[in-house]
Amino acid sequence: MTPPPKLLILVGSPRREGNSATLAEAVKRGAEASGAGVSLRHLDDHLSHFLRDCRACRCENGECSIDDGFRDLFFNEFLPADGVVFATPIYWYGMSAQTKAFFDRTFCYYAASYPDSAGVIRRMTRKRIGLLLASEETYPGASLGIVHQIQEYSRYTHSDFAGVVRGIGNRRGEVVKDPCGAIEEAERMGRELFVRKVSDYRIDTERAGGVW
Ligand SMILES: Cc1cc2nc3c(=O)[nH]c(=O)nc-3n(C[C@H](O)[C@H](O)[C@H](O)COP(=O)(O)O)c2cc1C
């Protein structure tokens, strides 16, 4: 029997009961209902430094010398995951600094100066990726930069970008009142992340005429 897929949900807001975390919990419920193995982590618990100049910072044995919990999170949770959902508030029309720092810090281990960078690169690829956004504004343009960034991250890592849910709210947790049903959508993302149809055609992709 194939083991259930592993999903990692990374919350990039400093507010533990905030809207990103509320959307993340909804994904967790949905994914658990579908039988996936789920862990939900708050980036603030694991990451407290930005990327530095590896040349000045790397230990002699090639390890990163930045002393926080990023290494454990990256090796024990991110690399083994079959899918990752990033949950971030929209800050200044971009992702939170915590979320961005997570992406930047992966460099410490996929850079050629890390002894097993090839193994890391292999395990960074081919995941299912989801994105949860919490914002005060409903303006569609506010999310475009982040969506574009995650799309490019997914393309670069041969991953499948399976969906975005944007919930509107400002006070912590008020995204549950979003009349567009962000919580239900997030739960659905959790249920379907590993089975949802994802397509990204090229002109010569062989395909049937209909989709369903
Ligand atoms: C520093 C900062 C910048 C923000 N920038 C935006 C923004 O550009 N657009 C927006 O719609 N909301 C913005 N907000 C509001 C948050 O996106 C909103 O409160 C969101 O629900 C917070 O998510 P959280 O509860 O997960 O922290 C900003 C909030 C902060 C603290």
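You'll find the structure just up there.
Along every chain, residues carry numbers that run from 1 in the direction the sequence is written. The predicted nature of this model means local features are confined to residues of pLDDT at least 70 and side-chain atom pairs, given and counted, to a pLDDT of 80 or more, with totals for whole chains, interfaces and linings taken over all residues. Values reported for side chains reflect all heavy atoms of the structure, with hydrogen atoms and water molecules removed beforehand.

Trainee: An account of the packing of aromatic side chains is needed here, citing residue identities and associated values.
Mentor: Pairing of aromatic rings covers Phe, Tyr and Trp, the last counted by its six-membered ring, and requires centre-to-centre distances within 6.5 Å; plane angles under 30 degrees mean stacked, over 60 mean edge-to-face, and any other angle means tilted. Using the criterion set out here, one finds 16 aromatic pairs in the structure. Ring pairing ties together the aromatic residues Phe70, Phe74, Phe75, Phe78, Phe86, Phe102, Phe103, Tyr109, Tyr114 and Tyr153, which thus form one cluster. Lysine NZ or arginine CZ positioned within 6 Å of the ring centre and within 35 degrees of the ring normal marks a charge as sitting over the ring. Cation over ring: Lys127 sits above Phe78, and NZ or CZ is 5.2 Å from the ring centre. In this structure, Arg207 packs its charged tip against the face of Tyr201, placed 4.3 Å from the ring centre.

Trainee: Go over the site of the ligand, please, and point to the residues and values.
Mentor: The ligand sits among 16 residues. The nearest are Ser13, Asn19, Ser20, Gly169 and Asn170. Two N or O atoms form a polar contact when they lie within 3.5 Å of each other; inside protein one atom must be a possible hydrogen donor and the other a possible acceptor, and for residues adjacent in sequence the pair counts only when both atoms belong to side chains. The side chain of Ser20 places a nitrogen or oxygen atom 2.6 Å from an oxygen atom of the ligand. For the ligand, an oxygen atom lies 2.8 Å from a polar atom in the backbone of Ile90. Calculation on the ligand without its partners gives an accessible area of 640 Å², and the protein chains cover 79% of this total. Elements supplying a minimum of two residues to the shell around the ligand: α1 (19-33) and β4 (128-135). Under the scheme applied, nonpolar residues are Ala, Val, Leu, Ile, Met, Phe, Trp, Tyr, Cys and Pro; charged residues are Asp, Glu, Lys and Arg; polar residues are all the others, including Gly. Residue composition of the shell around the ligand, grouped by class: six nonpolar, seven polar and three charged. Near residues are defined by distance, with any heavy atom within 4 Å of the molecule or strand qualifying the residue. Reported accessibility uses the Shrake-Rupley method at a 1.4 Å probe radius. Residues are deemed covered only where the shown protein chains occlude them. Helix and strand labels come from DSSP, where a helix needs a run of H or I of at least four residues and a strand needs a run of E of at least two; each type is numbered from the N terminus.

Trainee: Any chance you could break down helix α6 (residues 117-124) for me, citing the residues and the numbers?
Mentor: Every buried residue of α6 is listed here: Ser117, Gly119, Val120 and Met124. Looking straight down α6, one finds that the buried residues subtend no more than 160° of arc, so they occupy a single side. Facing away from the buried surface of α6 by more than 90 degrees, the exposed residues are Ala118 and Arg122. The contact rule is simple, with two residues in contact once any of their heavy atoms fall within 4.5 Å. Close packing links the buried residues of α6 with α3 (70-78), α5 (107-110) and α7 (144-156). Immediately beyond the C-terminal end of α6, within one or two residues, lies Arg126, with a positive phi of roughly 60°. Buried residues are those whose accessible area, probed at 1.4 Å on protein chains only, stays under 20% of the maximum for their type, while exposed residues exceed 50% and partly exposed ones sit between those limits. Our arc is simply the arc of the directions from the helix axis toward the C-beta atoms.

Trainee: Provide a residue-level description of the pairing of strand β5 (residues 160-168), including the pertinent values.
Mentor: Note on pairing: two strands pair once DSSP finds at least 2 bridges between them. With eight bridges joining them, β4 and β5 adopt parallel strand pairing. Considered in β5, the bridge of Ile129 is made with Phe161. With the strands pointing away from the viewer, any crossover whose connection runs clockwise from the first strand over the helix to the second is right-handed. With respect to chirality, the unit in which β4 leads through α7 into the neighbouring parallel β5 is right-handed.

Trainee: Please set out the pattern of salt bridges residue by residue, giving values where relevant.
Mentor: A side-chain nitrogen of Lys or Arg and a carboxyl oxygen of Asp or Glu constitute a salt bridge if their distance falls within 4 Å. Within the structure shown, the criterion is met by 12 salt bridges. Across the salt bridge formed by Glu63 and Arg71, the nearest N and O atoms sit 2.7 Å from each other. Classification of Arg71 by relative accessible area gives partly exposed; the value is 31%. Across the pair Asp200 and Arg202 runs a salt bridge whose closest N-O atoms are separated by 2.8 Å. Under the relative-accessibility criterion, Asp200 is labelled exposed at 52%. Note on Arg202: relative accessible area 46%, which makes it partly exposed.

Trainee: With reference to specific residues and values, describe unusual backbone geometry.
Mentor: Of note in this structure, Trp92 is not a glycine but carries a positive phi near 50°. The residue Trp92 is located in the loop between β3 (83-89) and α4 (97-105) in this model. Positive phi, close to 65°, is recorded for Tyr93, a residue that is not glycine. You can see Tyr93 is positioned in the loop between β3 and α4.

Trainee: Can you tell me about the sheet that holds β5, naming the residues and giving the values?
Mentor: Across the sheet, five strands lie side by side as β2-β1-β3-β4-β5; this open sheet has parallel pairing. Unpaired on one side and paired on the other, β2 (37-42) and β5 mark the two borders of the sheet. Strand after strand, the sheet turns through a mean of 15° between neighbouring axes, direction not considered. Only the stretch in contact is used when a helix axis is fitted, and all axes are lines through C-alpha atoms; the angle between N-to-C directions ranges over 0 to 180 degrees. Packed on one face of the sheet, α7 meets β3, β4 and β5 and runs near 165° to β4.

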